[in-house]
Amino acid sequence: PPSGRGVPGYEAQHLVLAVEVVSPSSRTNDRLVKPVRYAEAGIPAYWRVETEPVVELVAMQLDGVSYREVLRAMEGVVDLPGGWRIDLDVVSQE
């Protein structure tokens, strides 16, 4: 179903990954509130992309009822659980 913003909405049981890009106005939500909600919904993986002072990817995997950090990286090509691969050098240039 549509989210009301022109973006399709999805039910949590259909998601395998949630990604949040932290901005000054969303720090508390992205770091504290959303991981709890995503874990409660059973989403297997959660990535948080920090943008200040540099781009940093924090990857977390659902471990029971909460997330466990599995990787933290700021540069290079990163292989993540689930077969995901991301080039942080490209992300940092955009």
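Look a little higher up for the structure.
Residues numbered from 1 in each chain as written. Predicted model: local features only at pLDDT ≥ 70, side-chain atom pairs only at ≥ 80, totals over all residues. Heavy atoms only, no water.

We now examine the nonpolar core. If you look at the biggest cluster of nonpolar residues, it comprises 11 residues: L17, A45, W47, V49, V55, L57, A59, A73, V78, L80 and L88. Listing elements by their share of this core, those giving two or more residues are β2 (45–50), β3 (56–63) and β5 (77–80). For this core, the leading source of residues is β2, giving 3 residues. Counting residues in each nonpolar core, the second largest holds 8 residues, with A18, A39, I43 and V58 among its members. (Core = buried A, V, L, I, M, F, W, Y, C linked by side-chain atoms within 4.5 Å. Buried < 20%, exposed > 50% of the residue type's maximum accessible area, 1.4 Å probe, protein only. Helix = DSSP H or I, 4+ residues; strand = E, 2+ residues; numbered from the N terminus.)

Let us now look at the sheet that holds β2. Strands pair in a sheet through their backbones, by hydrogen bonds, and they do so in one of two ways: parallel or antiparallel. As summarised here, the arrangement of the 4 strands in space is β1-β2-β3-β4, forming an open sheet in which the pairing is mixed. At either end of the open sheet lies a strand with only one pairing partner, and these are β1 (17–21) and β4 (66–73). Adjacent strand axes in the sheet meet at a mean angle of 20° when their direction is disregarded. In terms of strand pairing, β2 meets β3 through 6 bridges, oriented antiparallel. Along β3, the bridge assignment pairs W47 with A59. Docked against the sheet, helix α1 (residues 27–41) engages β1, β2, β3 and β4, running at close to 165° with respect to β2. (Pairing = 2+ DSSP bridges. Axes fitted to C-alpha atoms, helices over the stretch in contact; angles between N-to-C directions. Contact = heavy atoms within 4.5 Å.)

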